[in-house]
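# Descriptive analysis of the structure
Listed here are the chains, written in short residue letters.
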Amino acid sequence: MKSKISILILLFAAMIGITGCKSSKTATSGDKEASNSSLNAVINAYDKDWDTFISSGKIKFEGSMSLSSSMQVRMRRGHSLSVSIRPLLGIEMAKLVIVEDTILFIDKSQSRYACDQISNILGTRLNLESLQSLFLGRPFSVNGGALKKASDADVKPLDDGTIEIIPREQIAPVLYSFFTDNANNIARMRVEGLGSSALTAYYDYFTATDWGNIPTEVLMTTAARSNSIKIEYNKGSMRWNESFDEKITIPSGYRKAEVKAYLQMLFR
């Protein structure tokens, strides 16, 4: 169990690395008129003024070994994100906490923690709203958060009537884009240019809420499918705009590890 918890934390670090890249360029403009109304429909469906989101559910890791666990996700828009891993009887064994530019991993099974400024690791600040959008199945710009207007992206119509959304702000040499389904939900996000560490996120089983359709199943997998995370939100547990304050609290008596070591172990 100890090594499985550590591996799970590593894959979360990968998600942070992808959404925190600093080199940017403008994507090549496509047919600006084609399917522009569809892009507006997607943006309008998700452009809701939410403040916080809480949900319980399950999380499953597949890789050199497997782990399935209950979990709880808490987000405060643009400010904090935490994932609590509870594999046995609801008892928390590991936790990822991000508050603004600070990231904290807590591994209770090994009495170990890692804490650092994300800007120290990546060389740039993380746009937390972009990472939150990745978990909620919403189109985003890496450094700009959730897409808010059609001019933020180009559109490529696909043969089945859906569209590919290509944010104009890209992260060289990476190209990332979003694919819709026929109901204007984001069905898939693809990140290319990272070799075997390239990421695809699949979104499915959407449920309607007052703050837009939310996928109750999120699958994030690397190109080689050697590592993946599946998050299943319990739609009955989804709660919006409840007040809470997430803080960075280092457990007393825990041994310190380096956040960079987690990232290096994953991408080597």
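Here, every reference points to the structure presented above.
Residues numbered from 1 in each chain as written. Predicted model: local features only at pLDDT ≥ 70, side-chain atom pairs only at ≥ 80, totals over all residues. Heavy atoms only, no water.

## Thoughts on the overall build of the protein
Across its full length, the protein carries five helices and 19 strands. Residue burial in the protein is summarised as follows: out of 268 residues, 52% are buried. For the protein, the proportion of contacts with a sequence separation of at least 24, taken over those separated by at least 6, is 56%. Only carbon and sulfur atoms are counted for the fraction: they give 45% of the accessible area of the protein, which is about 11900 Å². (Helix = DSSP H or I, 4+ residues; strand = E, 2+ residues; numbered from the N terminus. Buried < 20%, exposed > 50% of the residue type's maximum accessible area, 1.4 Å probe, protein only. Contact = heavy atoms within 4.5 Å. Areas by Shrake-Rupley, 256 points an atom, 1.4 Å probe, with all protein chains shown as cover.)

## A short note on helix α2 (residues 36–46)
Since the α-helix packs 3.6 residues into each turn, any two residues three or four apart lie on the same face. Within α2 the residues assigned to the buried category are Leu39, Val42, Ile43 and Tyr46. What you see down the axis of α2 is that its buried residues fit within an arc of 95°, all on one side. Facing away from the buried side of α2 by more than 90 degrees, the exposed set consists of Ser37 and Asn44. In this structure, the buried residues of α2 make contact with β10 (153–157), β11 (163–167), β13 (175–180), β14 (186–192), β15 (199–209) and β16 (212–222). (Arc of directions from axis to C-beta.)

## Some points on the pairing of strand β17 (residues 228–233)
Where strand β2 (residues 52–62) meets β17, six bridges bridge the pair, whose relative direction is antiparallel. Considered in β17, the bridge of Lys58 is made with Glu232. For β16 and β17, the ladder comprises five bridges, and the chain directions are antiparallel. Bridge assignment links Met220 to a residue of β17, and that residue is Ile229. (Pairing = 2+ DSSP bridges.)

## A few points about unusual backbone geometry
Notably, Leu89 is not glycine yet its phi reads approximately 55°, a positive angle. With respect to the element layout, Leu89 can be found in the loop between β4 (80–86) and β5 (94–99). With a phi angle near 55°, Tyr205 is a residue other than glycine that sits in the positive phi range. Within the element layout of this structure, Tyr205 appears in strand β15. For Tyr205, a relative accessible area of 53% gives the class exposed.

## Some thoughts on the environment of Pro173
Mapped onto the elements of the fold, Pro173 is located in the loop between β12 (169–170) and β13. Overall, Pro173 belongs to the exposed group, its relative accessible area being 71%. Put simply, Pro173 and Gly193 are 20 residues apart on the chain and 6.1 Å apart in space, counted from C-alpha to C-alpha. Ignoring any residue separated from it by four or fewer positions in sequence, one finds Pro173 in contact with Glu192 and Gly193.

## Focus on the nonpolar core
By size, the foremost hydrophobic cluster in this structure holds 56 residues, and its most contacted members are Met75, Ile165, Met189 and Tyr233. Looking at this core, the element that brings in the most residues is helix α4 (residues 128–136), giving five residues. Ignoring sequence-local partners within four residues, the contact set of Met189 consists of Leu134, Phe140, Tyr176, Ser177, Phe178, Leu199, Thr200, Ala201 and Tyr203. Residues Val97, Val99, Leu104 and Cys115 belong to the second largest nonpolar core, which totals six residues. (Core = buried A, V, L, I, M, F, W, Y, C linked by side-chain atoms within 4.5 Å.)

## Quick notes on the pairing of β16
Most of β16 sits inside the fold, with nine of its eleven residues counted as buried. A loop of two residues connects β15 with β16, the two strands running antiparallel in sequence.

## Structural notes on the environment of Arg77
Of note, Arg77 is situated in the loop between β3 (66–76) and β4. A relative accessible area of 23% means that Arg77 is categorised as partly exposed. Sequence separation of Arg77 and Phe53 is 24 residues, and the distance between their C-alpha atoms is 8.0 Å. Excluding anything up to four places from it in sequence, Arg77 contacts Lys48, Asp49, Trp50, Asp51, Glu129 and Gln132. A polar contact is formed between the side chain of Arg77 and the side chain of Glu129, at a distance of 3.3 Å. (Polar contact = N/O pair within 3.5 Å; in protein donor to acceptor, adjacent residues only side chain to side chain.)

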